[in-house]
Amino acid sequence: ARAVIEAIDPGKDVDGFHYHNVGALVVGEPAFYPCTPWGVMKMLEHEGIGVEGKHAVVVGRSTIVGKPMALLLLNAGATVTVCHAKTRDLPSLTRQADILVAAVGRARMITGDMVKPGAVVIDVGINRLPDGKLCGDVDQESVAKVAARLSPVPGGVGPMTIAVLVANTLRA
Ligand code: NDP
C-alpha cells in the first residue's frame, strides 16, 4: 500500500492519501484532504454550525474517515475525542458530544440514549441491511428525537463526498 500511495502525484491526490497531503493535514496547511471528512466540514459550514470550542466526538479511527475527521475538527478549534473498538464505555463519551460523528460501519449502533439533547449528529455510515436497504451507523428514529440536527442516510455524507471529490478533481 505504501508504494502505491507514494507513487501518486500529491497534486493529483484528490482523496488526500499521499503522505505529503496527510502531513499537511496534521500541520493544518491547505492540501487535498480525504473527501468524506472534508465533506462533513463543508456540511457543518454550510449549515452555520460552528466548530470552535465545541466538544466533537468521532467514533471510528480509520485512515479514510475517522482520523482525518478528528484532525479537521481539531484544526477548526474543536476539542476532540476519538473513539474506536477498544474504547471503554462508549455511551459515556458520545453523550458528551456537541458534535457527534459516527464512522463505524455498524448499522444503527448509535442510539438516542447515547446522544446529548441538542447535539449535532453526522452519520457517515453506509450499511446494507438484509432486505437490501441502506442505513447509517445512527439509529435515525431514536436519535432524531434527541439531536438538534441529524444528517440522513442515504442522501447525507455520501453525496457530499462525491461533490467534494468532483471539486478536488477539478482543482487537480
Ligand atoms: P473501518 O472499518 O475502516 O473503520 C471502522 C472504525 O470503527 C474502526 O476505527 C473501528 O475501531 C471502529 N469500531 C468498530 N466497531 C466499533 C465499536 N463497537 N465501537 C466503537 N468503534 C468501533 O470503516 P471506515 O472508516 O472506512 O467506514 C466507516 C463507515 O463509513 C462504513 O459504514 C462505511 O461504509 C462508511 N463510509 C461512508 C462514506 C461516505 O461517503 N458516506 C465514505 C467512507 C466510508 P478499531 O480501529 O479499534 O477497529
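See the structure above.
This report concerns the structure included in the present document. Just so it is clear, the model here is predicted, and its values are computed rather than measured.

Calculation criteria
Residues numbered from 1 in each chain as written. Predicted model: local features only at pLDDT ≥ 70, side-chain atom pairs only at ≥ 80, totals over all residues. Heavy atoms only, no water. Helix = DSSP H or I, 4+ residues; strand = E, 2+ residues; numbered from the N terminus. Rg over C-alpha atoms; globule rule 2.2 N^0.38 Å. Buried < 20%, exposed > 50% of the residue type's maximum accessible area, 1.4 Å probe, protein only. Contact = heavy atoms within 4.5 Å. Areas by Shrake-Rupley, 256 points an atom, 1.4 Å probe, with all protein chains shown as cover. Lys, Arg positive; Asp, Glu negative; His and termini not counted. Charge placed at Lys NZ, Arg CZ, Asp CG, Glu CD. Near = heavy atom within 4 Å. Polar contact = N/O pair within 3.5 Å; in protein donor to acceptor, adjacent residues only side chain to side chain. Salt bridge = Lys/Arg side-chain N within 4 Å of Asp/Glu carboxyl O. Patch = residues over 30% accessible without salt bridge, like charges linked within 9 Å, V, L, I, M, F, W, Y side chains within 5 Å. Pairing = 2+ DSSP bridges. Axes fitted to C-alpha atoms, helices over the stretch in contact; angles between N-to-C directions.

Broken down by element type, the chain carries 7 helices and 7 strands. In the chain, the order of α-helices and β-strands from amino to carboxyl end is α-α-α-β-α-β-α-β-β-β-β-α-β-α. Its C-alpha atoms give the chain a radius of gyration of 16 Å, near enough to 16 Å, the size a compact globule of 172 residues would have. With respect to the three principal axes, the spread of C-alpha positions in the chain is 45 × 40 × 35 Å. Across the 172 residues that make up the chain, the buried fraction comes to 42%. For the chain, the share of sequence-separated contacts (at least 6 apart) that also reach a separation of at least 24 residues comes to 56%. As displayed, the chain offers around 9,000 Å² of accessible surface, 58% of which is attributable to carbon and sulfur atoms. Computed over 17 positive and 16 negative side-chain charges, the inter-centroid distance for the chain is 4 Å.

Below, the discussion takes up the site of the ligand. In the vicinity of the ligand there are 22 residues, among which Arg61, Ser62, Ala85, Ile126 and Thr161 approach most closely. Between the ligand and Ala85, the relevant distance is 3.0 Å, taken from an oxygen atom to a main-chain nitrogen or oxygen of the residue. Taking Ile126, its main chain carries an N or O atom lying 3.0 Å from an oxygen atom of the ligand. Contact with the protein chains covers 70% of the free accessible surface of the ligand, which is 930 Å². No other element matches helix H7 (residues 157-171), which puts 3 residues into the shell around the ligand.

This next bit is on the pattern of salt bridges. A full pass over the atoms with the stated rule returns 4 salt bridges. Residues Arg149 and Glu47 are paired through a salt bridge, measuring 2.4 Å at the closest nitrogen-oxygen approach. Pair noted here: Arg149 is in strand S7 (residues 149-150) and Glu47 is in the loop between helix H3 (35-46) and strand S1 (55-59), with a separation of 102 residues, a long-range link. Of the residues examined, Arg149 reaches a relative accessible area of 36% and is grouped as partly exposed.

Next up on the list: a nonpolar patch on the surface. Nonpolar side chains collect at one region of the surface, where Tyr19, Val22, Val26 and Val27 lie side by side and expose about 350 Å² of accessible area between them. Classification of Val22 by relative accessible area gives partly exposed; the value is 33%.

So, about the side chain of His55. On the secondary structure map, His55 appears in strand S1. Only 3.3 Å separates the side chain of His55 from the backbone oxygen of Gln96, close enough to count as a polar contact. In this structure His55 touches Thr79, Thr81, Gln96, Ala97, Asp98 and Ile99, once residues within four positions along its chain are discounted.

This next bit is on the sheet that holds S1. Paired through backbone hydrogen bonds, the strands of a sheet run either parallel or antiparallel to each other. Spatial strand order, S2-S1-S3-S4-S7: 5 strands in an open sheet with parallel pairing. Lying at the two open borders of the sheet, with one neighbouring strand each, are strand S2 (79-83) and S7. Across 5 bridges, the pairing between S1 and S2 is parallel. When the bridges of S2 are listed, Val58 appears paired with Val82. Sitting on the sheet, helix H4 (residues 66-75) touches S1, S2 and strand S3 (99-102), and the angle it makes with S1 is about 170°.

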